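# A look at the structure
Okay, here's what each chain looks like letter by letter:
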Amino acid sequence: MQYEATVPNVADRIAQTVVAMFLEPQVDPLFLQDSYGYRPGRSQLDAVAACRQRCWRYDWIIDLDVQKFFDTVPWDLVVRAVKAVTDCRWVLLYVKRWLAAPLQRPDGTLVQRDKGTPQGSAISPVLANLFMHFAFDTWMARECPGCPFERYADDAIVHCTTRRQAEYVLARLAMRMVEVGLRLHPGKTKIVYCKDSNRREQHEHTSFTFLGFASRPREARRKDGKKFTSYLPAISPEALKAKSDRLGEMRIHRQVNLSLDDLARWLNPIVDGWMNYYGRYYRSALYPLLQRVSIYLRRWAGKKYKRLRAYKRFKRWWTGVLERDPGLFAHWRWVRWC
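Owing to the predicted nature of the structure, the values given are computational and were not obtained by experimental measurement.

## Some words on helix α9 (residues 260-278)
An ideal rise of 1.5 Å per residue puts 27 Å on 19 residues; α9 measures up with 26 Å between its terminal C-alpha atoms. Largest kink in α9: about 40°, centred on Leu-267, with the proline Pro-269 one to four residues after it. For α9, the complete set of buried residues consists of Leu-260, Leu-263, Ala-264, Leu-267, Asn-268, Val-271, Trp-274, Met-275, Tyr-277 and Tyr-278. The inward-facing, buried residues of α9 contact α2 (44-57), β9 (213-221), β10 (227-235), α8 (237-250), α10 (287-304) and α11 (311-324).

## Points about the confidence of the model for the protein chain
Counting all residues, the mean pLDDT for the protein chain is 91, and 93% of those residues have values of 70 or more. Segment residues 1-6 is flagged for pLDDT under 50; beyond a separation of four residues in sequence, or across chains, it makes 14 contacts in the model.

## Remarks on the pattern of salt bridges
All chains considered together, the criterion is met by 15 salt bridges. We note a salt bridge from Arg-39 to Asp-28, for which the minimum N-O separation is 2.8 Å. In this pair, Arg-39 sits in the loop between α1 (10-27) and α2 while Asp-28 sits in the loop between α1 and α2, placing the two residues eleven residues apart along the sequence. Comparing Arg-39 with Asp-28 shows no difference in burial state: the two are buried. For the salt bridge of Arg-142 with Glu-143, the shortest nitrogen-to-oxygen distance reads 3.3 Å. The class of Glu-143 is partly exposed, set by a relative accessible area of 30%.

Calculation criteria
- Residues numbered from 1 in each chain as written.
- Predicted model: local features only at pLDDT ≥ 70, side-chain atom pairs only at ≥ 80, totals over all residues.
- Heavy atoms only, no water.
- Helix = DSSP H or I, 4+ residues; strand = E, 2+ residues; numbered from the N terminus.
- Expected span 1.5 Å × (residues − 1).
- Bend = angle between axes of the 7 residues up to and from the residue.
- Buried < 20%, exposed > 50% of the residue type's maximum accessible area, 1.4 Å probe, protein only.
- Contact = heavy atoms within 4.5 Å.
- pLDDT = per-residue confidence, 0-100.
- Salt bridge = Lys/Arg side-chain N within 4 Å of Asp/Glu carboxyl O.

Laid out in structure tokens, this is it:
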């Protein structure tokens, strides 16, 4: 059964924010270069960029999935991690109180917990990052210094030179997670071969998903125009489906009460966000989603103006809008026609 964390009251929210603001400047300088989650000046795209570069230098990766991290992280180790960075009693008292906050079932009944961190609170990202710093980051730097990684919260990719090294590191990581009260997901954690034109080995897994990007062998083109296979990230099928579903839920074609300019002002921040994030790498994989935006716009025009239901009239109208205001819709920078 799925549980939801209880909603903190206003006083708790304020206190959590105060503790988070107190801890962040103290713990951030301790974090390693390869830790990206919930840190100032670092983003998911930074982690994806580092991962992309390393996949070109290392043939193998370990795609790590910590099973139910936020539900199973041990309280005593979280408190120990906090004690390692501060001796302020009021901070420790508040952290212990929030860790022990009950969870709420969908029917409203409360359930007492003995492990896990409350999700959705201002303090939770700091605690999770601090715990993984000691449980994973520093352990990797100490025990596997030749295997760089990118970690965003509990999501991590580890790079290895050989398959044998990847198998060895994965076995050790599985034991390490048990030591700190966690468990790697047996069905989602896997070793992946970063196959490209120069890598000839065969392996069961040649793709992985990290922070919404699916990395796999993809066609690329050199400066001289010659095609080759490179190992590249692009928007994942799961993310593409999620955004496509989001488009459907927005029911763009039914917003006939809006003008074309109103429609653009509503849509552009959303679509621009998708383009800025998922379009960073191999942006052509995002084109089908952007084309769907245009399809919905055509349906909107047909519903708002009956005369535009005929394809030729619509195309003439559409071409005129493009000529008058080519920057009206954000996705027109990349995709002009459906």
